[in-house]
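What follows is the residue order along each chain.
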Amino acid sequence: MSERATPKNIILVGFMGTGKSTVSRLLAERLGWKRIDTDEEIVRQAEKAIPDIFAQDGETVFRDWESRVLNEVLGGSGHVVATGGGAVLREENRRRMLAGGWVVALAADRETLLKRVIDADPEGTGARPLLKGDAAERIDHLLRTRRHAYDFAHATVDTSGRSPLEVAELLVRWAL
Ligand code: S3P
C-alpha cells in the first residue's frame, strides 16, 4: 500500500483454489468486518447455483452478474470481499476494485491449486464449471490464459505452504 491508512475495503482476487473464501472468512473475523463472497451473493440474487447459470444462461450472463455484484459491494466500506477467480477479467472490474479498496492477489503454485480444487470436489461434480472434465488440463489452460490477470493487485501473497490462518494474520498486519 502506498500509504498506511486503513483501507476502505479489502478485496481478495486470485485463481480458483488460492484460498480466497477461507482467508476472507478468517480475515473478516479478525478485523470485525463484514465478509462478502461475490459468488455467494450472485447465487443469492440470481436464485440459481453457479453451474446452472453457466449451463443455462452462459458465461457472459455470469460475468454480468459478477460486475453488478462487485459494483454494489464496493459501494460500501468495512467489507472483506472474496471474488471469483474470473472477476479480474473485465477491465471495468479491475478499475472498480482498485478504486474500492486494497486489492490483494492470493497466488499458489500449480500443484497446490490442483490439490485444493480436487480436495474441494473429489467426485468432479462440476461445482466449478470451468474445471469440468480433466481438471488438471483445464487448470493448465486457464493458468496460461490468465498468467498476468492478477498482476494489477496492490499486493500479492503466495499461499502455497501457508495455512489460511497464516495468510489472514499476515494481511491483518499489513492492513492495520
Ligand atoms: C471462476 C471461479 C469461481 C466462480 C466461477 C468462475 C473463474 O470462483 O466464480 O466458477 O472464472 O475462475 P472461485 O475462484 O471462488 O472458485
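What comes next is a walk through the structure. Not measured: the values here are computed from a predicted model.

If you check the shell around the ligand, you find 13 residues, and the closest are Lys20, Asp39, Arg63, Arg128 and Arg146. For the ligand, whose unbound accessible area comes to 390 Å², protein coverage reaches 94%. Of all the cavities here, the one that holds the ligand is the largest pocket.

With that settled, the discussion passes to the packing of helix α1 (residues 20-31) against helix α8 (residues 164-175). With their axes 9 Å apart at the nearest point, α1 and α8 run at an angle of 45° to one another. The angle between α1 and α8 places the two elements in the oblique class. Between α1 and α8 lies a crossing of right-handed hand. Residue-level inspection shows Thr22, Val23, Leu26, Leu27, Arg30 and Leu31 of α1 in contact with α8, the latter providing Pro164, Leu165, Val167, Ala168, Glu169, Leu171 and Val172. A breakdown of the residues in the contact of α1 with α8 according to their chemical character gives 10 nonpolar, 1 polar and 2 charged.

Since there are 3.6 residues in each turn of an α-helix, residues three or four apart along the chain are aligned in direction. Those residues of helix α2 (residues 38-46) not exposed but buried are Thr38, Glu41, Ile42 and Ala46. Looking straight down α2, one finds that the buried residues subtend no more than 115° of arc, so they occupy a single side. Residues of α2 that are buried make contact with β2 (34-37), α3 (50-57), α4 (59-74) and β3 (79-82). Between a side-chain oxygen at the N-terminus of α2 and the backbone nitrogen of Asp39 the separation is 3.0 Å; the capping residue is Asp37. Looking one or two residues beyond α2, the residue adopting positive phi is Glu47, at roughly 55°.

A few words now on the environment of Ala136. Assignment of secondary structure puts Ala136 in helix α7 (residues 135-145). Taking the C-alpha atoms as reference, Ala136 lies 16 Å from Arg147; in sequence the two are 11 residues apart.

The next subject is the side chain of Asn9. Counting through the fold element by element, Asn9 comes out in strand β1 (residues 9-14). Residue Asn9 is classed as buried on the basis of its relative accessible area, which comes to 0%. A polar atom in the side chain of Asn9 sits 3.3 Å from the backbone nitrogen of Gly78. With sequence-adjacent residues up to four places away left out, Asn9 is seen in contact with Trp33, Leu74, Gly76, Ser77, Gly78, His79, Gly100, Gly101 and Trp102.

Conventions adopted
Each chain has its residues counted from 1, following the order in which its sequence is written. Given that the model is predicted, a residue must reach a pLDDT of at least 70 before its local features are reported, and side-chain atom pairs must reach 80 or more before they are shown or counted; all residues, however, enter totals for whole chains, interfaces and linings. Note: side-chain values were computed over all heavy atoms of the structure, leaving out hydrogens and water. Any residue with a heavy atom positioned within 4 Å of a molecule or strand is treated as near that molecule or strand. Using the Shrake-Rupley algorithm and a 1.4 Å probe, accessible areas are obtained, with residue cover drawn only from the displayed protein chains. Any residue with an atom within 4 Å of a point lines the site, the site being either a cavity, points on a 1 Å grid over the protein atoms alone where a 1.4 Å probe fits but cannot get out, or a pocket, an open set with protein on both sides within 12 Å along at least 5 of 7 lines. The rule for placing a molecule in a cavity or pocket is simple: more than half of its atoms must lie within 2 Å of the grid points. Axis definition: a line fitted to C-alpha atoms, over the contacting stretch in the case of helices. Angles run 0 to 180 degrees between N-to-C directions. Numbered from the N terminus, helices here are DSSP runs of H or I no shorter than four residues, and strands are runs of E no shorter than two. In this scheme, roughly parallel covers angles under 35 degrees and roughly antiparallel covers those over 145, while 65 to 115 is roughly perpendicular and the rest are oblique. Left-handed describes a crossing whose near helix is turned anticlockwise from the far helix through less than a right angle; right-handed describes the clockwise counterpart. Contacts: residue pairs with any heavy atoms within 4.5 Å of one another. When residue character is reported, Ala, Val, Leu, Ile, Met, Phe, Trp, Tyr, Cys and Pro are called nonpolar, Asp, Glu, Lys and Arg charged, and the others, Gly included, polar. Summary of the burial criterion: residues with accessible area below 20% of their type's maximum are buried, those above 50% are exposed, and those between are partly exposed, where the area comes from a 1.4 Å probe applied to protein chains only. Our arc is simply the arc of the directions from the helix axis toward the C-beta atoms. Residues adjacent in sequence count toward polar contacts only when both atoms are side-chain atoms; beyond that, a polar contact is any pair of N or O atoms within 3.5 Å, and within protein one must be able to donate a hydrogen and the other to accept it.

Geometric values such as these leave the question of function open.
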